[in-house]
Amino acid sequence: MIETTGLISDIRDVCQELQDTYAQLTDLLIMVTDHEGRMMTAPSHPGHTIIFEQHAEEMQRFMQQEINKLQGIKNTLLSDQWVPGIRWLIAPVSLEPLSTSFFIWAGILIQTGTRQAVLSHPNFSQKDVEVSTDFFEAMQRWVHETQETTPEQEIFKREKITRLARAMSLILKSSYKEKRLTDRLVALSDTLVTDQSAAHPIEEITRIVLSSSDLADIFGFALRTGTGKYTVINSIGTAAPELNGAVFHEGEGFLGQAVLSAQPSRWTNVERDPRSNFFLQKGVPQVHEVQCFPIRYDDEVYGLLFGVSYKERSIPGLHFQFEETMISLMGWYIANHLTYEKMEKQLQRFKPLIELSRMIVSVQDAQRVMFMLVDMSLNLVWNPSASIVVHRTSDDGKIQMVARGMQSPNGETYAKDVARRYLENAEQPAASYYINHSTPFEIMLEYPIVYANRTRAVLAVAVSTEQEGEECREILSALAMMGSVVMKSVYDRQQYMSNSNRFAQILHESIREWNVALYQLTADAQRIVQEFATWGGITKDEADMIGRACLMSYSDPNMLRSFPHLFQQEAEMIEDYKHIQDNQAVAAGKSYSRGGQIMALAFAIAASADDDMRVVNDLPISGIDQGLVSQFRLFVLSRHTLETEINLVEEAPAVAARSVSSEGAEGRGLEAIVKQFGLSPREKEVLELVVKASSNKEIAATLFISEHTVKNHLTNIFNKMGVSDRAQAIAAVFNKSIG
C-alpha cells in the first residue's frame with residue numbers, strides 16, 4: 001500500500017487496481033517500490049505474493065541493490081543481475097519536477113531455451129550466505145514454476161509495463177500537484193490563524209501587502225471607532241502620514257459613502273469632485289482616483305481599506321483584477337481578525353459573568369446585589385472609570401445608591417438625575433440601552449433594571465469612547481438582565497415573606513381571645529425556633545418558615561393548603577408535627593420532615609417550663625432523628641450556661657451552681673468517654689472540637705494537621721466508641737455529661 005507518498009486513499013486505490021489489472025494481463029508479479037526498495041503497493045500475483053509477505057527485508061535489500069546500480073534510468077529495462085537468465089522488468093515512474101521517484105517491478109521472465117542454463121548457474125544452485133534458506137527455496141520454487149517467455153511475449157510484456165509506468169506517472173503527478181497545493185493552502189491558513197493572535201497584525205499586514213501593490217499611490221486602513229464614525233489608523237505611501245488619525249462619518253465623502261456599500265467602490269477623474277476635499281485638507285496634493293474596499297463580517301462593517309492614486313494608472317486587466325482580489329482577500333482576513341479579537345474579548349468577559357451568575361442567584365439582599373453588579377460591571381469593561389447602581393426601594397421617594405469611582409457631590413447629582421429620568425415615571429419600563437454624553441463622567445452607558453412591570457433600578461458604567469461602549473454593550477445588557485432577574489427574585493421573596501408573616505400573625509392573634517394558653521405556647525415555640533437558629537442549628541430562612549408553622553400549628557393543614565403559593569411547606573410541617581405528637585408510626589421508607597421534627601422539639605421545650613433539660617434527655621417522642629436530638633441537647637445546655645464562684649480559702653463545701661455549666665458538662669462527659677474507650681490524647685483533642693461543632697477543616701487548622709489526618713482520627717474514634725457518625729458521638733458525650 002502506498003503510505004510514504006501521502007496520497008489520498010482514492011489515488012492509492014486507483015494505483016493498486018491499475019497494477020492488479022496489468023498483472024493479470026501480463027501474468028507477471030508486479031509491485032511498486034520507492035528509491036530505497038520499500039514496497040509502496042501490495043504485490044499483484046495470485047501465486048507468489050507470500051515471498052514478499054514473509055521475506056520483506058530480503059526483498060527490500062535485493063531491490064535496493066538493483067536500484068543503486070540503475071540510478072538515472074529513464075525507460076523500462078530488463079535486469080538479470082541476480083542470476084543470469086532470471087529477468088525483471090524495471091520501469092521508472094517519473095514525478096518531475098518533483099524529486100521523489102518510484103519503480104515498477106514486473107517479473108520474473110525466463111527466456112525460451114535458457115531454463116537449463118539458469119538451473120545450473122552457481123548463483124541459483126548455491127545459496128548466498130546473506131539470504132535465508134526459506135527465501136532461497138521460495139525463489140527456487142518460483143523459478144521452477146515460471147513458464148519460459150518467447151521474444152515476442154517479452155516485447156509485449158515490456159510494452160505493457162511501460163504503459164503502466166506512464167499511467168501511474170500521470171496519476172501520481174496529478175496527485176502530487178493537488179497535495180502540494182493543499183499543503184500550501186494549509187500552511188497559509190495556519191499562518192493567518194497564527195497572525196490573528198499577534199499584538200498588532202493589522203498595521204503590519206497592511207504595510208507588507210499593500211506596499212508591493214501597483215493599484216494606488218496611497219493605501220490606508222480606517223477602523224470603526226463609534227456609531228457611524230471611522231478613524232484612519234494606518235496609511236502608507238507619499239503624504240500618507242498626514243492621513244493617520246483622520247476621522248470621517250458614514251455618508252461623508254468618498255470614504256463615508258463606501259462604508260455604506262457591501263461591494264468595493266471606485267471613482268476616477270475626481271480632481272474637481274468636492275468629495276476630494278477630504279484628502280486635500282489632509283495634505284494629499286492631488287487626487288485622480290479613489291478605490292475603497294469595505295471590511296464586513298456577517299453584515300457588520302468593521303472598517304475600510306482604501307487607495308488613492310495621483311494619476312491614471314495603466315495596469316493590465318488581469319493584473320488589475322488580481323490586485324483587487326488580493327486587497328479584498330486582505331480585507332476579509334482583517335475582518336476575521338477583528339471578529340476573532342472581538343470574540344476573545346467577549347469570552348474574557350463572559351468568564352467572570354458566568355462565575356457571578358453562580359453566586360448572585362443565591363443572594364437574597366437587594367443591596368448586596370447592587371454591590372455585585374457594580375463590581376462586576378467594572379470587570380467587564382476595558383479601562384472603566386466609574387460604575388453606579390441607583391435603586392428605588394419603596395414609594396416614599398428614597399433611593400439607594402452604590403457607586404465605585406464617583407466622588408461627591410458629582411455622584412449624588414448624577415444619581416438624582418438618573419432617578420428623575422428613569423424612576424419617577426417608572427410605570428412605563430425604560431428602553432434597554434442608552435448612551436448619555438451629558439454627564440461629568442465621560443460617556444455613561446445606562447441600563448434600566450426592570451422587574452414587577454416597573455423600572456426599579458439603573459446600572460450605569462462610564463467608558464472613554466462610543467466604540468468601547470459598543471463592544472461591551474451586549475455583555476452589560478446581559479449583566480443588567482441578570483440583575484433584573486435576581487432583584488425580582490429578592491422582591492418576590494420579600495413580598496411572599498411579608499404576606500406570609502402578616503397572615504400567620506393574623507391567624508395567631510385570632511386565638512388570643514379564646515385560648516390564651518395556646519396563644520402563649522405557640523409564641524414560645526416560635527421564640528425557641530428563632531433561638532435555635534441564632535445558636536446555629538438552622539438557617540434564618542428555615543427558622544422563619546418553621547416559626548410561622550408554630551404560630552399556625554392549631555390550624556387544619558388542608559385549610560392552609562387552600563392558600564395558593566403561601567403555606568404549602570408549613571402545612572406539611574404541621575401535619576408531620578401532629579403525627580409525631582400522636583405517636584403515629586412513620587410509613588416504611590419515609591421519614592418526617594425536618595421542620596415537623598423541629599416543631600415537636602420546640603413545643604416540648606416550650607411546654608416544659610424550667611424542666612427543659614429533663615424533657616430533652618428523656619424525650620418520649622418517636623420518629624425524630626437522633627442527630628437532631630443531640631443538637632437540641634447542645635442548644636439547651638447553651639441556654640443554661642451560668643457563672644459561679646468557688647471559695648478556695650475556706651474549706652467549706654463549694655457553692656453548688658444552680659444550673660449545669662455546659663462547658664463543665666462537656667468536659668466531664670469527654671473525660672468519661674476517653675476513659676471508657678481508651679482514646680489517645682490526640683483523639684481526645686479531635687473529639688473535643690467535634691463536640692464544639694467544628695468542621696474537619698476547622699479541626700485541621702486548630703491542631704495544625706491535614707484534613708486527611710482528621711478523617712483518620714474520626715474513623716478511629718467512631719470505631720472505638722461504636723458509633724457511625726458525628727451526631728452519635730456528640731450524643732454519647734452529652735449522655736455521659738448528664739447521665
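Everything quoted here is computed from the prediction, not taken from an experiment.

Novice: I'd love a proper account of the overall build of the protein chain, names of residues and values included.
Specialist: Helix and strand counts for the protein chain come out as 27 helices and 16 strands. The burial tally for the protein chain puts 44% of its 739 residues in the buried class. Of all intrachain contacts in the protein chain linking residues separated by at least 6 positions in sequence, the fraction that spans at least 24 positions is 59%. Entry remark: accessible area of the protein chain is about 39,000 Å², with carbon and sulfur atoms responsible for 51%.

Novice: Quick rundown of the confidence of the model for the protein chain? Include the residues and the values.
Specialist: On average, residues of the protein chain carry a pLDDT of 76, and 74% of them reach 70 or more. Looking over the protein chain, one finds the lowest element-wise mean pLDDT in helix H8 (residues 201–210), namely 60, and the highest in helix H9 (residues 253–258), namely 92. Note on residues 187–192: pLDDT under 50 across the span, and one contact to partners over four residues away in sequence or across chains. Low confidence marks residues 642–647, where pLDDT is under 50. Its contacts with residues over four positions away, or in another chain, come to five contacts.

Novice: Please set out unusual backbone geometry residue by residue, giving values where relevant.
Specialist: Backbone torsion omega between Gly 107 and Ile 108 reads -5 degrees, so that peptide bond is classified as cis. Non-glycine residue Asp 27 carries a positive phi angle of around 55 degrees. Positionally, Asp 27 belongs in the loop between helix H1 (9–26) and strand S1 (29–34). At Asn 269, a position not held by glycine, the phi torsion is positive, near 55 degrees. Within the secondary structure, Asn 269 sits in the loop between strand S9 (265–268) and helix H10 (277–281). Residue classification places Asn 269 among the exposed residues on the basis of a relative accessible area of 56%.

Novice: Run through the packing of helix H17 (residues 540–551) against helix H20 (residues 594–607), naming residues and quoting values.
Specialist: Remark: H17 packs on H20, axes separated minimally by 10 Å, with the N-to-C direction vectors making an angle of 60 degrees. Between H17 and H20 the crossing geometry is right-handed. Residues Glu 542, Ile 546, Ala 549 and Cys 550 of H17 form the contact with H20, whose own contacting residues are Arg 594, Gly 595, Ile 598, Met 599 and Phe 603. Of the residues contributing to the contact of H17 with H20, the split by class is six nonpolar, one polar and two charged.

Novice: I'd like to hear about the sheet that holds strand S12 (residues 386–392), residue by residue, with values.
Specialist: In any sheet, the strands associate via hydrogen bonds between backbone groups, in a parallel or an antiparallel arrangement. In spatial order, the strands read S13-S12-S16-S15-S14; together these five strands make up an open sheet with antiparallel pairing. Unpaired on one side and paired on the other, strand S13 (399–404) and strand S14 (434–436) mark the two borders of the sheet. Averaged over all pairs of adjacent strands, the angle between strand axes in this sheet comes to 20 degrees, irrespective of strand direction. On the sheet, helix H12 (residues 366–380) packs against S12, S13, strand S15 (443–451) and strand S16 (454–463) and is oriented at approximately 30 degrees with respect to S13.

Novice: Explain the pairing of strand S7 (residues 229–237) residue by residue, including any values.
Specialist: Two elements, strand S6 (residues 218–226) and S7, share eight bridges in a ladder whose sense is antiparallel. Bridge pairing in S7 places Ala 222 opposite Val 232. Between S6 and S7, which pair antiparallel and follow one another directly, the connecting turn spans two residues, one of which, Gly 228, has a positive phi of 70 degrees. Two strands pair when backbone bridges link them, and S7 and strand S8 (residues 247–249) are joined in this way by three bridges, in the antiparallel orientation. Residue pairing for S8: Tyr 230 is matched across the bridge by Phe 248.

Novice: Mind laying out the packing of helix H25 (residues 696–703) against helix H26 (residues 707–721), listing which residues take part and the relevant values?
Specialist: In the contact formed by H25 and H26, the axes pass within 9 Å of each other and the chain directions differ by 105 degrees. As judged from the angle between their axes, H25 and H26 are roughly perpendicular. Contact residues: Asn 696, Lys 697, Ile 699 and Ala 700 in H25; Glu 707, Val 710, Lys 711 and Leu 714 in H26.

Novice: Explain the pairing of strand S4 (residues 102–111) residue by residue, including any values.
Specialist: The element S4 is largely enclosed, with a buried count of nine among its ten residues. Alignment of S1 against S4, held across six bridges, turns out to be antiparallel. Along S4, the bridge assignment pairs Thr 33 with Phe 103. Note that strand S3 (residues 86–93) and S4 share eight bridges and pair antiparallel. What sits directly across from Leu 89, in S4, is Ala 106. Note: S4 against strand S5 (residues 148–149), two bridges, orientation parallel. Across the sheet, the residue bridging to Ile 110 is Glu 148, located in S5.

Novice: I'd like a description of the packing of aromatic side chains, backed by residues and values.
Specialist: A complete count under the given rule lists 14 aromatic pairs for this structure. Ring plane angle 85 degrees and centroid distance 6.1 Å describe the contact between Phe 248 and Phe 278, whose orientation is recorded as edge-to-face. Residue Phe 248 is located in strand S8, and its partner Phe 278 is located in helix H10; the two are separated by 30 residues in the primary sequence. Ring plane angle 50 degrees and centroid distance 6.3 Å describe the contact between Phe 279 and Phe 306, whose orientation is recorded as tilted. Of this pair, Phe 279 sits in helix H10 while Phe 306 is found in strand S11 (residues 300–309), placing the two residues 27 residues apart along the sequence. An identical accessibility class is assigned to Phe 279 and Phe 306; each is buried.

Thresholds applied
- Residues numbered from 1 in each chain as written.
- Predicted model: local features only at pLDDT ≥ 70, side-chain atom pairs only at ≥ 80, totals over all residues.
- Heavy atoms only, no water.
- Helix = DSSP H or I, 4+ residues; strand = E, 2+ residues; numbered from the N terminus.
- Buried < 20%, exposed > 50% of the residue type's maximum accessible area, 1.4 Å probe, protein only.
- Contact = heavy atoms within 4.5 Å.
- Areas by Shrake-Rupley, 256 points an atom, 1.4 Å probe, with all protein chains shown as cover.
- pLDDT = per-residue confidence, 0-100.
- Axes fitted to C-alpha atoms, helices over the stretch in contact; angles between N-to-C directions.
- Left-handed = near helix turned anticlockwise from the far one by under 90°.
- Nonpolar A, V, L, I, M, F, W, Y, C, P; charged D, E, K, R; others polar.
- Pairing = 2+ DSSP bridges.
- Parallel < 35°, antiparallel > 145°, perpendicular 65-115°, else oblique.
- Phe/Tyr/Trp six-rings, centres within 6.5 Å; stacked < 30°, edge-to-face > 60°.

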